[in-house]
Amino acid sequence: MLKNYLVITLRNLLRNKVYTAINLVGLAVGIASCLLIFLFLQHELSYDESFKDADRIYRVTSTVQKGDQTIETAAAIGPLAQLLPQEYPEVESATVLINMGQNAIRTDEQAFYTDNIIYADSNIFSVLDFPFIVGNPSTALKAPASIVLTSELAGKLFGSLEAALGKPVKYIASTFLVTGVIDQTAPSHINPGAILPLHFDAQTEYYVTDWNGIGGYTYLKLHKKEHAAPLQEKIADLYDRKATPGQSLAGITGATFQLQNITDAYLDKEKEAPVGEVGNITYIYIFGVIAGFLLLIASINYINLATARSAKRAKEVGMRKAIGASRAQVIQQFLLESVLLAIVASLLALMLVELTLPLFNTVTGKTIDSVLILSSELGMALLVIVLFIGIVAGSYPAFFLSRFSSAEVLKSNQTPKSGNALLRKGLVVAQFTISLVLITGTIVVYDQMMHVRNTDLGFDKEQVVAISIPSIGWVKQKENLAAIKQEFRRLPQVVLTTNAQQLPGEGAVKGDYLLEQNNRLVKKSINTISVGYEYLDLMGMKLSAGRNYSKDIRTDEQFRYILNEAAVKELGWSDAIDKRIKPTWADTANGTVIGVVKDFNYTSLHSKIEPLVIQLDPHFGKLVVRLEANTPLAATLSDMEDIWRKYFPGYPMDYSFLDESFHQQYQAEEKMLTIFTFFALLTIVIACMGLFGLASYMAEQRTKEIGIRKVLGGSVTDIVVLLTGNFATLVVIAIVLAVPVAWYAMDTWLQNFAYRTELSWWQFVAAGMGALAIALLTVSYQALKAATTDPVKALRAE
Amino acid sequence: MNKELLIETKQLQKKYVTDTVETTALAGVDLQIAKGEFVAIMGPSGCGKSTLLNILGLLDSPSAGSFKFLGQDITHASERQRAKIRKQNLGFVFQSFNLIDELTVEENIGLPLAYLGVSKAETEKRVTEAMERMGIAHRRNHFPQQLSGGQQQRAAIARATVSSPSLILADEPTGNLDSVHGREVMALLTELNEAGTTVVMVTHSPSDAEYAHRIVNLFDGQIVTENLNVRKHAAELL
């Protein structure tokens, strides 16, 4: 019997090619999207899972009080890692690490800028067992001049991983010997580029010895995970005993600590100062919902087409029942049919996923190799999807078709009703509502991205190149920066040069100041950037009061500040010039404000412009160059590199364009736009495919009616209008339903931006008209075909 | 009548109710059919012939009256019970053949055996026999649409008889056939009847009715006359 069902299913699928194609393509795309989302989710949830005993490894995070300010941070008080295993036997081992960010790792031949350079104590590998390809984890960081590389970096530097062991590499001004190479492929939120011993550098010592400052990232391995909760209390006690908040340079007045399982660290985006990578679960939710929608739309196609063409299957059902098939057997048959279709669709989907993996990896930044060798998880996911479609989409047609009574359908020439037309209409409305919400979403996201691009940022981001200065010891760095600034300036294509520690888009650091307010000094924490003399001019920023920094005024390098208008406003100053301001740590009496700059966006357009202090530091930070408009870039950069090599031989010139790097902040949104556009188009295409199939069955069913109408004098236009009118009504209803949903969703999304485009009627009209036009185009093909059929033929067919 | 009764109905009624109109299709039919009989049901369009046949074939249930099949009262039998009786005892032949387009001749004929759970080897044997009996064995792998009307009806008869039912219900079996193929089909039905199968046939055609032992005339949902086919009986007596 099973064979009989399979045979009839396959023959039905082969015979009705359009029907089969619509269902298979729709379902395959829906399933493929779900699989991609599943892969993405699986990857995001796999962070740090590969550490041995990950379930009992914890990160110590802190809730820090600075006066009335509360800060959640991923770091903790430095000395904890050393003390905890001594004080509390439940702690098996502990380690502390700090992230020194990006820098060059070099040999005599070449240099590579490497992200997430980690300094760690020698216990790190007993807590976090990064897999060693070569080297011994227990001794790798014991010697002060040792370094552990990732296999990627070691490969680039030395060609083979074995060759790397024992070789010298240079970092900043020192030489280190490679003591190990780790495999970095398993995803970890720490995502180290290279690991060095914490204690080689006296400057970083205070990170791990100061009880009054938030220092390194602390990781613990406990004997049992049940120990975690009580240990939190003990750490709080320990802190209370050891810390003296009054002496905190960072202004910390109190702190509590949490033990967070390491596998939760990656997706925790609430904590400030994350170690390496942070995921964003929101996007997973959004894409998950979209993939679900696609699957739903494809399932609706199946339901609609299966019931619409039920008349064709009615005779078969009647005959089977007459022969003695029970209703249950008929239901079984049709469910099997839908499951079979879903299986074929999922095989197609697997191929689709395989083909789109490179694109998927590019968009998501993941590295998933292949799906054709099914992992057990993916296999399970696929099975669940197949059963879901087979049963959810298959059950209505199955129950509907099995209801036909033999007595009725076997009487010759009687075609039974093709299912519940109202239900089918409702489902079409649902499909188009979903499509419309996505299309409107796409338009709004696009509009917002344009708005972001065109908003006046308060500075000119075009033609600005920023170049990282390698850390080669601060004296040399300072000398070289000063010299290269001058030499670049002499290039004809260069307008101005300066330096800055933070560029727009890179945010600012918090500085603690004492400021004059009502004739007394109050303490405030304000965003601060450190820049060179020419910074404001180079960036095209305008002063609204006072003066810019000047090389002629020798005192400008000592506690002279320029504030933005937002800061002046918040401080309530009517005239900011010569107001007193000084850092809390400085022992000086003569800090003053010399100028006020018009507000500019120094973070992103997500947030309002907050108060900002600009301080002068002409010696450090990135080298910033403004080029003439319409400069031939390749030639200019090559000129610059010639000069660069004189000062920083062996270091690549690591440059970026400000307009591009500023836009990096909207990468998440840009990605979302790409994905939104893609899926919105897919949903409308799949919905229209369903509509196409439906329209063809409608036209077929109404052949006789159309014939009679034409015989009675109906024109082709009349008939096309008649046939398309029904569908147009459905799309219009969908528009009415979609508008409030889309409005609410996109309004919520736009709240993420301090500077946002307005939702306007044209976005909704454009989406609605677009969908209507596509739907009508789809249906009118079938309508026209039906309307131009010879009426005599249509009537004789009866 | 000394033979065992296969079908016995008493005051069988069937009413169809649509939104506002109540139509009486059968208005009290008393009918007895013995095992081995060949009965033709005749009457004008709308007299209730097909309704009666559907009820006799357990495809439909009566609104009132009683219906015994092989002595068992099945007036109120559930759909499940009726499906069981159908597959064990009944074979259907329709005017429009009602072969399943997506199945080959062989698969169509084998379908009743599949629902009966007959083994594969046995199915193959019985299907081959049935096809040979109907002279369509050379068409076994063809789809219904590749066959002539006469061949399709023979395939349908093969399907109706493959499970050796005790009763064959034929609804205008020659209605879509030319006279040559029509006579062929009637000869087959007669042959089956002579081999012991009871046949009940609805027909418009007096010449087809001539093949039956007994002709029941229906009008407005009631039996108006019930005639023994004298010629047939005479032939049998000889």
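Conventions adopted
Residues numbered from 1 in each chain as written. Chains lettered and ligands numbered in written order. Predicted model: local features only at pLDDT ≥ 70, side-chain atom pairs only at ≥ 80, totals over all residues. Heavy atoms only, no water. Buried < 20%, exposed > 50% of the residue type's maximum accessible area, 1.4 Å probe, protein only. Helix = DSSP H or I, 4+ residues; strand = E, 2+ residues; numbered from the N terminus. Pairing = 2+ DSSP bridges. Contact = heavy atoms within 4.5 Å. Buried area = accessible area lost by both parts, 1.4 Å probe. Salt bridge = Lys/Arg side-chain N within 4 Å of Asp/Glu carboxyl O. Polar contact = N/O pair within 3.5 Å; in protein donor to acceptor, adjacent residues only side chain to side chain. Axes fitted to C-alpha atoms, helices over the stretch in contact; angles between N-to-C directions. Parallel < 35°, antiparallel > 145°, perpendicular 65-115°, else oblique. Left-handed = near helix turned anticlockwise from the far one by under 90°. Nonpolar A, V, L, I, M, F, W, Y, C, P; charged D, E, K, R; others polar. 1 Å grid on protein atoms, 1.4 Å probe; cavity = no way out; pocket = protein on both sides within 12 Å on 5 of 7 lines; lining within 4 Å. Points joined across faces, edges and corners; volume = space filled by probe spheres on them. UniProt positions renumbered as here; feature names shortened; annotations may be inferred.

## Observations regarding the pairing of strand β8 (residues 146-150) of chain A
All names here are of chain A. Among the five residues in β8, five count as buried, and that is most of the element. Relative to strand β10 (residues 174-182), β8 is paired through five bridges, and the arrangement is parallel. Across the sheet, residue leucine 149 finds its bridge partner in β10, namely valine 181. Here two bridges tie β8 to strand β11 (residues 194-197), and the two strands are oriented antiparallel to one another. Bridge pairing links valine 148 to isoleucine 195 in β11.

## Things to note about the interface of chain B and chain A
Between chain B and chain A, the contact holds 25 residues from the first and 25 residues from the second. When the buried surface of chain B facing chain A is broken down by residue, B:Asn98, B:Glu102 and B:Tyr115 rank first, second and third, together holding 29% of it. Remark: the boundary between chain B and chain A carries three salt bridges. One salt bridge in this structure joins B:Glu107 and A:Arg11, with 2.4 Å as the shortest N-O distance. Linking chain B with chain A are seven residue pairs in polar contact (both at pLDDT 80 or more), by the criterion used here. Breaking the side of chain B that touches chain A down by element, the ones donating at least two residues are α2 (79-89), β6 (90-94) and α3 (105-116) of chain B. A per-element tally of the side of chain B that touches chain A places α3(B) first, with five residues.

## Comments concerning the packing of helix α14 (residues 421-454) of chain A against helix α23 (residues 761-787) of chain A
Residues and elements named next belong to chain A. Between α14 and α23, the least distance of the axes is 9 Å, while the angle of their chain directions is 135°. Here α14 is positioned oblique relative to α23, judged by the angle of their axes. Considering how the two elements wind past one another, α14 and α23 form a crossing that is right-handed. Across the interface between the two elements, Phe432, Leu436, Ile439, Thr440, Ile443, Val444 and Asp447 of α14 pack against Trp762, Gln763, Phe764, Ala766, Ala767, Gly768, Ala771 and Ala775 of α23. Its residues assigned to classes, the contact of α14 with α23 comprises eleven nonpolar, three polar and one charged.

## Structural notes on empty space enclosed by the protein
If you roll a probe as big as a water molecule over the atoms, it shows you where there is empty space left. Per the counting criterion, the structure on display carries six cavities of 30 Å³ or more. Here the largest cavity is characterised by a volume of approximately 80 Å³. Taken together, A:Met319, A:Ala322, A:Ile323, B:Arg86, B:Lys87, B:Leu90, B:Gly91, B:Phe92, B:Pro112, B:Arg159, B:Ala160 and B:Ser163 form the lining of the largest cavity. In the lining of the largest cavity, the residues fall into seven nonpolar, two polar and three charged.

## A few points about the pairing of strand β9 (residues 168-171) of chain A
Residue and element names in this part refer to chain A. Here β9 shows a clear split, with Val169 and Tyr171 buried on one side and none of Pro168 and Lys170 buried on the other. Examined bridge by bridge, strand β4 (residues 103-106) and β9 share two bridges and lie antiparallel to one another. Looking at the pairing, arginine 106 lines up with lysine 170 of β9. Taken together, the four bridges between β9 and β10 define a ladder with antiparallel strand orientation. When the sheet's bridge partners are listed, lysine 170 is paired in β10 with threonine 175. Taken together, β9 and the strand that follows it, β10, pair antiparallel across an intervening segment of two residues, in which isoleucine 172 is found at a positive phi of about 50°.

## Structural notes on the UniProt feature "transmembrane region" (unreviewed entry) in chain A
All names here are of chain A. The positions that UniProt labels "transmembrane region" (unreviewed entry) are, in the present scheme, residues 21-41, 283-305, 334-360, 380-401, 422-446, 672-698, 719-746 and 761-784. Taken end to end, residues 21-41 comprises 100% helix and 0% strand; its first and last C-alpha atoms sit 30 Å apart. Counting secondary structure, residues 761-784 comes out at 100% helix and 0% strand; the distance between its end C-alpha atoms is 33 Å.

## Regarding the sheet that holds strand β5 (residues 72-73) of chain B
The strands making up a sheet associate through backbone hydrogen bonding, with each pair oriented either parallel or antiparallel. Residue and element names in this part refer to chain B. An order of β2-β1-β4-β5 is seen for the four strands of this open sheet, with the pairing classed as antiparallel. Of all strands in the sheet, those bounded by a partner on one side alone are β2 (22-34) and β5. Of the pairings in the sheet, the one linking strand β1 (residues 5-17) to strand β4 (residues 64-69) comprises five bridges and is antiparallel in character. The partner of glutamine 13 across the bridge, within β4, is alanine 64. Against the sheet, helix α1 (residues 49-56) makes contact with β1, β2 and β4, and its axis sits at roughly 55° relative to β2, the strand it touches most.

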